Amino acid sequence: MKKSKASYIGPKILNTLLPVGLAFFIGGIIILCIGENPVEAYSMMLGKSLFTARGFLNTLHYASPLLLTGLAIAITFKANIFNMGVEGQLLFGGFFAGIAGASLNLSSSVMEKGICMAIGMACGVLFALVPAILRAYFHVDEMVVTLMLNYAMIKVLEYLSSGPFREAGSGYVCTPTINESAMFKRLGIDNSRLTMFFFLALAVLIVMTFIFMKTKLGMQITAIGKNPDFAEATGMRVRRKIILLMCISGALAGLAGSGQMMSEKFKYTLTFSGTTGLGWDGMLIALLGRHNPIGILLAAIFFSALKTGADNINMYTSVPKEIVGVLQSLIILFLAVQFLDERYGLKERIQKWIGRKEVA
Amino acid sequence: MAFLNGIIYDSVYHAVPILLCVLGGIFAYKANVLNIALEGMMLAGSFFSVLVSFQTGNIVLGYLAAIGVCMVIGLIFAFFGVSCKGNVIIIGLAINMSVTAIAGFVLQLMNSANIKLDFTNAADFKIHIPVIEKIPIYGSIISGHTVITYISFVCIVLIWFLMYRTKFGIYVRVVGENEDSAKSLGLNTNKYRYLAVLLGSFFCALAGINLALERMTIFTNNMTAGRGFIAIAAIYCGRGDPIFSSMYAVIFGLARALSVNLSLHAGAAAAVFDVIPYVVMTVVLTVVSIVKYRNHKVRGV
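Residues numbered from 1 in each chain as written. Chains lettered and ligands numbered in written order. Predicted model: local features only at pLDDT ≥ 70, side-chain atom pairs only at ≥ 80, totals over all residues.

### Here we look at the overall build of chain B
We apply this condition: Secondary structure follows DSSP: runs of H or I at least 4 residues long count as helices, runs of E at least 2 residues long count as strands, and numbering of each begins at the N terminus. C-alpha atoms define the radius of gyration in this analysis, and the globule rule sets the expected value at 2.2 Å times the number of residues to the power 0.38. Counting other C-beta atoms within 10 Å of a residue's C-beta gives its exposure: the residue is buried at 20 or more, exposed at 12 or fewer, and partly exposed in between, where C-beta atoms are placed from the backbone.
Helix and strand counts for chain B stand at 13 helices and two strands. For chain B, the C-alpha radius of gyration of 20 Å lies close to 19 Å, the compact-globule estimate for 301 residues. For chain B, the spread of C-alpha atoms along the three principal axes comes to 55 × 45 × 40 Å. A buried classification covers 51% of the 301 residues belonging to chain B.

### Quick notes on helix α13 (residues 323–335) of chain A
We apply this condition: Take the residue count of a helix, subtract one, and multiply by 1.5 Å to get its expected span.
An ideal rise of 1.5 Å per residue puts 18 Å on 13 residues; α13(A) measures up with 18 Å between its terminal C-alpha atoms. With respect to burial, α13(A) is a largely interior element, 13 of its 13 residues being buried.

### Observations regarding the interface of chain B and chain A
We count it as follows: We call two residues in contact if the C-beta atoms placed from their backbones are at most 7 Å apart.
Residue-level contacts link 44 residues of chain B with 42 residues of chain A. Put simply, the parts of the chain that give the side of chain B that touches chain A at least two residues each are α4 (88–110), α10 (227–238), α12 (270–273) and α13 (276–292) of chain B. Looking at which element gives the most residues to the side of chain B that touches chain A, the answer is α4(B), with 15 residues.

### What to know about the nonpolar core
Inclusion rule: A set of buried residues qualifies as a nonpolar core if it consists of Ala, Val, Leu, Ile, Met, Phe, Trp, Tyr and Cys joined through C-beta atoms within 7 Å.
Counting residues in each nonpolar core, the largest one holds 212 residues, and the members touching the most others are Met148(A), Ile332(A), Ala233(B) and Ala234(B). The residues contacting Met148(A), other than those within four sequence positions of it, are Gly226(B), Phe229(B), Ile230(B), Ala233(B), Tyr278(B), Met281(B) and Thr282(B).

### A few points about the packing of helix α1 (residues 9–33) of chain A against α13(A)
All names here are of chain A. For the record, the criterion: Axes here refer to lines fitted to C-alpha atoms; in helices the fit is confined to the stretch in contact. Angles between the N-to-C directions go from 0 to 180 degrees. Crossing handedness: left-handed means the near helix sits turned counterclockwise from the far one by under a right angle, and right-handed means the same turn made clockwise. The classification used treats Ala, Val, Leu, Ile, Met, Phe, Trp, Tyr, Cys and Pro as nonpolar, Asp, Glu, Lys and Arg as charged, and all other residues, Gly among them, as polar.
At a closest axis distance of 8 Å, the pairing of α1 and α13 adopts a crossing angle of 140°. For α1 against α13, the interelement crossing comes out right-handed. Contacts between α1 and α13 pair Pro 19, Val 20, Leu 22, Ala 23, Phe 24, Ile 26, Gly 27, Ile 30 and Ile 31 from the former with Ile 323, Val 326, Leu 327, Leu 330, Ile 331, Phe 334 and Leu 335 from the latter. Residues belonging to the contact of α1 with α13 are distributed by class as follows: 15 nonpolar, one polar and no charged.

### Describing the packing of helix α1 (residues 2–30) of chain B against helix α11 (residues 242–264) of chain B
Residue and element names in this part refer to chain B. We count it as follows: Roughly parallel refers to an angle under 35 degrees, roughly antiparallel to one over 145, roughly perpendicular to one between 65 and 115, and oblique to any angle outside these ranges.
Interhelical geometry of α1 versus α11 gives an angle of 140° and a closest axis separation of 6 Å. One way to sum up the angle between α1 and α11 is to call them oblique. Crossing of α1 over α11 shows right-handed handedness. Looking at the contact of α1 with α11 residue by residue, the class counts come to 17 nonpolar, seven polar and two charged.

### What about helix α4 (residues 86–103) of chain A?
Along its 18 residues, α4(A) runs 26 Å from first to last C-alpha, staying within 8% of the 26 Å computed at 1.5 Å per residue. In terms of burial, α4(A) is largely enclosed, as 17 of its 18 residues are buried.

### Digging into the environment of Phe48(B)
All names here are of chain B. By secondary structure assignment, the location of Phe 48 is in helix α2 (residues 38–56). Assessed through the 29 C-beta atoms surrounding it within 10 Å, Phe 48 is described here as buried. Separated by 13 residues in the primary sequence, Phe 48 and Leu 61 place their C-alpha atoms 9.9 Å from one another. Once residues within four sequence positions are removed from consideration, Phe 48 is found in contact with Ala 65, Ala 66 and Val 69.

### Some remarks on the confidence of the model for chain B
Condition: Per-residue confidence from the prediction method is given by pLDDT, with values spanning 0 to 100.
Residue-level pLDDT values for chain B average 83, and 93% of them are 70 or greater. Reported confidence for the predicted complex is 0.83 by ipTM and 0.85 by pTM.

### Comments concerning the environment of Thr189(B)
Residue and element names in this part refer to chain B. Its location among the elements puts Thr 189 in helix α9 (residues 189–214). Overall, Thr 189 belongs to the buried group, with 20 C-beta atoms counted inside 10 Å. Residues Thr 189 and Val 82, spaced 107 residues apart in sequence, show a C-alpha to C-alpha distance of 9.5 Å. Those residues in contact with Thr 189 that lie beyond four places of it in its chain are Val 175, Glu 179, Ala 182 and Lys 183.

### A few points about the domain arrangement of chain A
It is common to give the size of an interface as the accessible area lost on bringing the parts into contact. Residues and elements named next belong to chain A. Just so we agree on the cut-off: An automatic or database domain assignment is the source of the domain bounds shown.
Taken domain by domain, chain A holds domain 1 (8–36 + 318–355) and domain 2 (62–317). Each of domain 1 and domain 2 was reduced to a C-alpha centroid, and the two centroids are 27 Å apart. Each partner contributes residues to the interface: domain 1 has 15 residues there, and domain 2 has 14 residues. Among the secondary structure elements, those contributing two or more residues to the side of domain 1 that touches domain 2 are α1 and α13. Tallying contributions element by element places α13 first for the side of domain 1 that touches domain 2, with eight residues. Within the side of domain 1 that touches domain 2, the residues separate by chemical class into eight nonpolar, four polar and three charged.

This is how it looks when you write it as structure tokens:
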């Protein structure tokens, strides 16, 4: 029996929403335990960042690097490769985009931005190339290598930002602020923080969607993910594809880092990528968005709303904003499991269920 | 001489948490459930051992709490990964993140950046063996370490025995190598996977206790700093053999000891030496892989 594609969507959406609901439920219990009202806390968290115009635009602003890191992880998951180094690639890219932005002094602001982003992307690619080559030619597990090198990268950047590249006059560890011409200016709609970078990220998302849905490369990568041996046997050069894919992923992470630098932070500090880290947030977004572009967009906005809302919750209640980290990891945990079998459509399932009831 | 002694002592000192994680991860690796959550379980062990000791003033309770919590985490991991057949890598990473988040949450509630025990200090945990202590070099290898250090080295032999000389070890390996034949023999494959994961979480609890409570009597968030991942690399290098994998764990202990001791003399560039263990591990992993696939002429990945 042939079924239409639409009938699969029901359980898919439920399988995505159930983990979120469960995580919020457990989070609610935790909030109750410390003597606060969970409903109030959640409404404070999401209300302002999703349902007011200015809050929503700010949410979009914070979602832009998340879009890119989510995409960076989603494309590697698709080929069954685990690039867990997105965090390190993002920091590396962001750091050198910041250094370039502070030291370059070009007349054209567009060119300066372009160069900074190119440098950020190049750094991301460079850092992703190490595990990619090790994986493709020496069979080294890329997941372990990327997880380890993240720590190495954090240490190196800690040294660089507190040593050679430290801003002389500042009281804490940071690099010099980037030039005005390298900054993405706020668009000023409703007094929000939204910049052009969001639209850039959106454009990248659309381009990557096109590449992965419509071109030969995209098809090949999907094939590699399903069965690498078969892909190799049909003549695809799996090694080269893996390296290329890791490079694209690294470039996206580097771009996310430089965007974060040029639209939000303007200088590298030790808390450049926030508490959970933009790279790790990307993993949640890739999983929550089910590796699907629209899913990634929605997931990035949802998660960004949570994160910006966390600042509100911290301000008006005694709930620490680390609750977002707890929610995030719980969502990932529950997303790893399929609650419903996706082979059957929702409609058939309900019909079957009703049918069984009638018999009984 | 003092410098050399320092390096040797520190090698043992830094090898122990990694060694314990390796011993814990081996069974899960052999049972084909790669336990990425070693890192998170170790952090949970550190956190709860120090937290409970801090709240109750009783160190034994701290030990028990750490082991209990790690067992619960192991059960969660096994339930999602084995019973629900989820992706173990994602589950493992989720557990790592959740432990960090919960520890951060509690620290924020307590309004401090770390938890420090004030009724005891790290020197109390060290065991000095009278005569051996005086012998150069051997003294720093054998004497002056904590209880769990000695336990961990004894456990290498015990784990080897458990894996190769008992029914349990053989069954776990069969389950990992060929699940269908294990099932055809009537083995309850899920049971052996659960046990393998739980054994791992027990050892991770010990690693965490050693790392935080015994060595420093202090907990700071993310103090495990990737040791769980180093342990996984060591398991990969030794291909799950207790003796070889432990050997790699000691090599990484040595790398860390070198980085710590060298950075004392490095001045401003000290932070760069912190990179040594991670780079050493990547290189070792690559070399082991090259040797393994040297005569591998088949095209493909």
